[in-house]
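Residue-level structural notes
Single-letter residue listing:
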Amino acid sequence: MKILFVCLGNICRSPAAEGIFAHKAQQAGLQVEIDSAGTAAYHAGEKADRRMRQTAKSRGYELTSISRPVTNADYESFDYLIAMDNQNYDELREKALTPEQAEKVLRMRDFFSNADYDHVPDPYYGGSKGFDIVIDLLEEGSDNLIKFLKQH
Ligand code: 4NP
């Protein structure tokens, strides 16, 4: 099983998703390969945002990813591409070359238990609270995504 987490810049939300999901999948004994990418390339080659790394670290997660853009090959090599927000989702669906590729694109919000959020909000231009909200949503979403993957 291979999962790709996708946001806009691949420096905040999807690196956090990658780190949190990796941690939880290992705890759950789920064999899975994980990566993350951005729909935009303007932060390619960069580590995750320092604020995101520090907040993640304070919550027990080490973020090690280096930003890269999504490629056409990702639609073939991954089983699921999980979009952080609705704009990421629309872009990933549009870039799919076949209906089978488009069906691989899911939203992180599909795995939220509560209805307070319908996406993972971009924390980049906001205050520190936004980074904690990202972690909260991704912890909950990862738990439910693991349940989903164990059934599929
Ligand atoms: P991300 O956050 O998509 O969660 O990595 C962002 C990072 C950078 C920018 C926007 C969102 N930016 O505009 O540079």
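Above this text is the structure in question.
Residues numbered from 1 in each chain as written. Predicted model: local features only at pLDDT ≥ 70, side-chain atom pairs only at ≥ 80, totals over all residues. Heavy atoms only, no water.

Applying the stated criterion to the full structure yields ten salt bridges. A salt bridge links Arg-13 to Asp-85; the shortest N-O distance between them is 3.0 Å. One end of the pair, Arg-13, is in helix 1 (residues 13-28); the other, Asp-85, is in the loop between strand 3 (80-83) and helix 4 (86-95), and 72 residues separate them in sequence. Neither residue differs from the other here; Arg-13 and Asp-85 are each classed as buried. Residues joined by salt bridges that share partners form a network here, namely Arg-59, Asp-132, Asp-136 and Glu-139. (Salt bridge = Lys/Arg side-chain N within 4 Å of Asp/Glu carboxyl O. Helix = DSSP H or I, 4+ residues; strand = E, 2+ residues; numbered from the N terminus. Buried < 20%, exposed > 50% of the residue type's maximum accessible area, 1.4 Å probe, protein only.)

It is worth spelling out helix 1 at this point. In an α-helix there are 3.6 residues to a turn, and that puts residues three or four apart on one side. Over its 16 residues, helix 1 extends 22 Å from the first C-alpha to the last, a length consistent with the 22 Å expected when each residue adds 1.5 Å. Every buried residue of helix 1 is listed here: Arg-13, Ser-14, Pro-15, Ala-16, Ala-17, Glu-18, Gly-19, Ile-20, Phe-21, Lys-24 and Ala-25. The elements touched by buried residues of helix 1 are strand 1 (2-7), strand 2 (33-38), helix 2 (50-58), helix 4 and helix 6 (129-151). A positive phi of about 70 degrees marks Gly-29, the residue just after helix 1. (Expected span 1.5 Å × (residues − 1). Contact = heavy atoms within 4.5 Å.)

Turning our eyes to something else, we now look at the environment of Ala-16. Assignment of secondary structure puts Ala-16 in helix 1. For the pair formed by Ala-16 and Thr-64, sequence separation is 48 residues and the distance between their alpha carbons is 9.3 Å. Sequence-distant contacts of Ala-16, that is, excluding residues within four places in its chain, are made with Met-52, Leu-63, Val-134 and Leu-138.

Without other data, these values stay purely geometric and don't point to any function.
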